[in-house]
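Descriptive structure summary
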Amino acid sequence: MTALAVRGIAERKLRSALTAVAVLLGVAMITGTYIETDQIRNAFEDISEQSVEGIDVIVTPDETFTSSFTSEPTTVDARLAGRVRGVDGVAAAEGQVTAFGRLVVDGKTVETMGAPGLVLGASSERFDPSEIAAGRKPAADNEAALLSQNAEDNGIELGDRIGVTTRRGVARVTVVGLFTFGEAGSLGGTTAVEMPAAQVQRLFDLRGRFSSISVIGELGVDPGELSRRIEAVLPGSARVQTGEENAQESADEINDQIGSFLTPALLALAGAAVLVGAFIIFNTFSITVTQRMREFAMLRALGATRRQVLGVVTGEALLVGIIASAAGIGAGVGFAKLLNALFDAVGFGIPQTGLVVAPRTIVIALVVGVGVTLAAAMVPALRATRVPPVAAMSGVPPRASARSRRLAAILTAVLAAAGAALTVQGLFGSGPATSKLGALAGGAIFLFVGIALSARYVVRPLAAVIGYPIERAFGTPGRLARENAERNPGRTAITSAALMVGLALVVFVAVFAAALKSSIGRQVDELIRAEIFVTGEDFQAIPAGAVKAAANVPGVEAAVPTLFDQLEVNAEKSNVVTDLLVGVDPSRLPAVYTFEWVDGDDSLLGELGRGQTLIEEQFANAHDLGVGDTYRVESPSGGRAKLRALGIYRDPTILQGSIASPATLSSFSPARDPIFVLVAVSDSADAAQVEAEVTKALGRFPSVTVESRAEYQETIESRLDQIVYLLYALLAMSLVISLFGIANSLFLSIHERTGELGVLRAIGATRGQLRRVIRYESVITSVIGGLLGTVVGVGFAWLGIESLSEFGFGLSIPVGQLLAFLALSVVVGVVGAIAPARRASRVDVLDALHYE
Amino acid sequence: MMDTNHEGRDAHVVAGHGLTKRYGEGEAAVDALRGVDCGFARGSFTAIMGPSGSGKSTLLHILAGLERPTTGWVEIAGARLDDLSDHDLTLLRRHQVGFIFQSYNLLPVLTAEENITLPVTIGGGEPDVRWVETLLETMRISGRREHRPAELSGGEQQRVAVARALVRRPAVVFADEPTGNLDSAAGREILELLRRAVDEFGQTIVMVTHDASAAAVADRLLFLADGEIVDQHQGLGVEEILDHLKALRQ
């Protein structure tokens, strides 16, 4: 029986190969995800280890929680270094300064693609994690060493002059050395420049502050013991760790970030591809089992048990699964490289090291690949066992009994209902985010399967509608195509469902992004009165000088700086979206911003004193606060305050969280510089001209961007588009797999209809006409998938948007894009039909007629 | 031009000249036809008979342009098939040739009437409504026109197939064992309809059969053995045909 399964695959090479590809691509995505995230993790671990190499103990500022606003370097008092040196067992201790600033080459800042731009204070030899590769370390205030990779990428050589953005504008320095850092092949987009430590402190107003203090112990002193002794003499605002602990913590943080976002996101996309593959496997095995009913009946008549027949089909599935998974693991390496290229292309600079296929990756790939293949082939395999031996004589395949069909219909309904329920639970239910996401993913899979199975009931009407214009335009070939598409509604349904999954996700992304864009656009329009937006690149802080320069431009009525920090409210876990405090002068706000009040009015703005805040609706709801309530807050740097809410406003996108005066913010937060500045133009001035003047005035600050309202919205949209395009690129894999599904299903149908094709040729149909019949059938099938996908995708997006309606989301359908996706489904149909149509047109008339 | 059939060449709507067909190569080569010359007059009904392996099906396929001869050539309605490309051959089949197969070979997705008009509509043409009505009447399937093949009996399906073969008013209809899958009553009906097509519509029919009672309906009989025409007769009765066949087998 094993031999029979092997022989079966060998005989049906094309079909087996196409089925295998369906599995292979999904497995490749899973493998690639793990390879890629392992690589990123290794690269970051390498960097973390490198940075504390040879350091026994490290003192850092104590952070209550990690903030997403990293523009302000957190620091400790430099005098602590002296105290550390006095501790018994300390051989040497040195303070380091790290600040954030951009390289300026030829008047333009160097893009970091979301990675940090670091300005490092040079350390003495023993404490320096970097290695000079060329030249020397910077000695004078106007000298700097540059990360070799940055020099290479930007064509900078020793002796060149470059700029570095600082809190005081651009510092001009001469490159006297190039350094490397650790083993990582690439640090992604990160830029790093080293200058004398005292100069960095000056340029960033960090005199008397250190970012960290590194300690080397005397020989034989245990780092753990040393760290305890140091901790004993330092205040609570300083955190003391061994070098090892520090590296471990940084690595864990990165692991957390990758594990909580990147890995699940990529795996979800891979999961969609696997689901599409499963549909195709199911379809292929269903069709071939039907075609081979006579063979199975004969086996049974010859004395094979049901179990043996089951073994023939599952054995074939097992082999296909193993071969495809093995090939998929190989292809996964390629997919990881593709991911690297994709991330680069959309501007996410990610550090890179060598690609490693961990044993865990191989195991998961094999389990998923083989498991999915077997599971999808199981129902057809069971059907094969039910063929009565007598069918070998009659040649009439048994039809599914009314009972089993009813059972299938009920099962389908239950599946779809469960899927819908889980999806709704995931979106609107309460509970931890992970379980909600789990419910959402499970719900989506159930829904997809349920819809795929129930799609058979809509295939006929849909085919009639889609086929009508084709029939009108192309006559008999069109009519035959439509009839053929309607012939096996179940088969057509599953084939088109494979396309539906990929397309539904694409549509979901498109509709969701459109909603996001339109709601952001609407809120910017409604709430912001400022005509000009001054922002820091990648949320870099804007130097104080820049704010002043903008305010002094004639025609500027008000330039209002807005500071941000993240909060922990009432000791509850901090939420990066809502738990914010915006530090802005309330009395100047009306010039640039219109409040939408929930509880309160504009008169509050004049009264807002120290320790008093206005809170956003979400913030109020999340922490159960009303007007007059007081609450405790803590900043990431450990500062604490007691605040009192005076009013409630609504703004889920721009000034989220809460609003207080800059004085209130700085009473517990180190935030000194604004993230953006809203500029209002006086009525008598021309906005465009003022914008040009402001741009000119801020020329000294190349890391600052000046934009009109429309430009600002475009920037937000293009940032969103980057993510959307990345998702499209990853979802394209599912569409490619469904292409193979369509081709496979057509090949099998052609095989079944060889006789008919022969007749058509005999009575005068040309090869071109046969090709057209197949192509139109394919297009009808793929457009059914496209329509279903559009409906399901819009439905998902609608649900998702409803669940976020409190953030001001509203459904807005990007009709043009949806039409383009439908056109794409036509393309999928045409491309999927190329090879099968050629096969059909080459049918030999005589062979075909003798086929029966 | 050799004319073995003692009939005027101009009257031949289909003719085969020096047809040979060899399958395989070298030692394993099989000669299915060893030089056949034949002609078929317009409006004639010819039956080709012969034992299994005599080459009668091969001859039919070659005459119909479904297969190319190893040597020799075929003319249909004045066109030499060996001059035609695959595409032109397809168009010639579409316009000049009708087929009736043993296993009906209707398209299951089309109705009876759609199957009949398929040779016209496949080329984007409009069927001649009156002619289609006449055919439906003659074939006694007017009441079944909206039915799909699966809803028709074998005899009805074959009647649809006959109508389909006639719908283009082709120069010639080739029938390959048209009664082979039918019971004797349904078979007789088909033969009678073929006869009427010849008598009333002037249709030329070439039919391969091993059924003597079917052959007896034809005007002329060609007997084939070992790839050669060994005998031909006009208007033989069933008994005589059976005698001939017996003689050929010996």
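Refer to the structure presented above.
Note that this is a predicted model, so its numbers are computed, not measured.

A few points about the overall build of chain A
- Helix and strand counts for chain A come out as 26 helices and 26 strands.
- Along the first, second and third principal axes, the C-alpha set of chain A runs to 95 × 70 × 50 Å.
- By the burial criterion, 51% of the 852 residues in chain A qualify as buried.
- In chain A, once contacts between residues fewer than 6 apart in sequence are set aside, the share between residues at least 24 apart is 85%.

Some details on the environment of A:V312
Residues and elements named next belong to chain A.
- With respect to the helices and strands, the residue V312 is situated in helix α9 (residues 306–345).
- Residue V312 is classed as buried on the basis of its 24 C-beta neighbours within 10 Å.
- For the pair V312 and V6, spaced 306 residues apart in sequence, the C-alpha separation works out to 8.7 Å.

Details of the packing of helix α7 (residues 243–291) of chain A against helix α22 (residues 709–752) of chain A
All names here are of chain A.
- At their nearest, the axes of α7 and α22 sit 8 Å apart, and the two run at 5° to each other. Compared by their axis directions, α7 and α22 come out roughly parallel. Contact with α7, carried on its side by L269, A272, A273, V276, G277, F279, I280, N283, T284, I287, T288 and Q291, involves L730, L731, M733, S734, I737, S738, F740, G741, N744, S745, L748 and E752 of α22 and no other residues of that element.
- Across the contact of α7 with α22, the residue classes break down as 13 nonpolar, 10 polar and one charged.

A short note on the interface of chain B and chain A
- Taken together, the 21 residues of chain B in the interface contact 19 residues of chain A.
- Take the side of chain B that touches chain A: its biggest share by element is five residues, from helix α2 (residues 86–96) of chain B.
- Across the side of chain B that touches chain A, the residue classes tally to 10 nonpolar, eight polar and three charged.

Quick word on the sheet that holds strand β6 (residues 97–100) of chain B
All names here are of chain B.
- In space, the six strands of this open sheet follow the order β6-β7-β8-β3-β9-β10, with mixed pairing throughout. For this open sheet the edge positions go to β6 and β10 (228–234), each flanked by a neighbour on one side alone. For this sheet, the mean angle separating the axes of adjacent strands, direction not counted, is 20°.
- Relative to strand β9 (residues 220–225), strand β3 (residues 45–49) runs parallel, the two sharing four bridges. Looking at the pairing, A47 lines up with L221 of β9.

Some points on unusual backbone geometry
- Of note in this structure, A:D624 is not a glycine but carries a positive phi near 55°.
- The phi dihedral of B:R169 is positive, around 50°, even though this residue is not glycine.
- Relative to the helices and strands, B:R169 is located in the loop between α5 (154–166) and β7 (172–176).
- Looking at B:R169, the number of C-beta atoms within 10 Å reads 14, which means it is partly exposed.

Some words on the environment of B:T138
Residue and element names in this part refer to chain B.
- As for its position among the elements, T138 is in helix α4 (residues 129–138).
- On the neighbour-count criterion, T138 (18 C-beta atoms within 10 Å) is partly exposed.
- When the C-alpha positions of T138 and S57 are compared, they lie 28 Å apart, and in sequence the two are 81 residues distant.

Some details on the packing of helix α2 (residues 13–51) of chain A against helix α10 (residues 359–385) of chain A
All names here are of chain A.
- Between α2 and α10, whose axes approach to 9 Å, the crossing angle comes to 155°. The pairing of α2 with α10 is recorded here as roughly antiparallel in orientation. In this structure, the crossing between α2 and α10 has a hand that is right-handed. Note on element contacts: α10 touches α2 through T361, I364, A365, V368, G369, V372 and T373, opposite V23, V27, I30, T31, Y34 and I35.
- The residue makeup of the contact of α2 with α10, split by class, is nine nonpolar, four polar and no charged.

Here's the deal with the pairing of strand β4 (residues 71–76) of chain B
All names here are of chain B.
- For strand β1 (residues 12–23) and β4, the ladder comprises five bridges, and the chain directions are antiparallel. If you follow H17 over to β4, its bridge partner there is W73.
- By the bridge criterion, two bridges tie β4 to strand β5 (residues 79–80) in an arrangement that is antiparallel. Bridged to I76 within β5 is A79.

The rules behind the values
- Residues numbered from 1 in each chain as written.
- Chains lettered and ligands numbered in written order.
- Predicted model: local features only at pLDDT ≥ 70, side-chain atom pairs only at ≥ 80, totals over all residues.
- Helix = DSSP H or I, 4+ residues; strand = E, 2+ residues; numbered from the N terminus.
- Buried ≥ 20, exposed ≤ 12 C-beta atoms within 10 Å, placed from the backbone.
- Contact = placed C-beta atoms within 7 Å.
- Axes fitted to C-alpha atoms, helices over the stretch in contact; angles between N-to-C directions.
- Parallel < 35°, antiparallel > 145°, perpendicular 65-115°, else oblique.
- Nonpolar A, V, L, I, M, F, W, Y, C, P; charged D, E, K, R; others polar.
- Pairing = 2+ DSSP bridges.
- Left-handed = near helix turned anticlockwise from the far one by under 90°.

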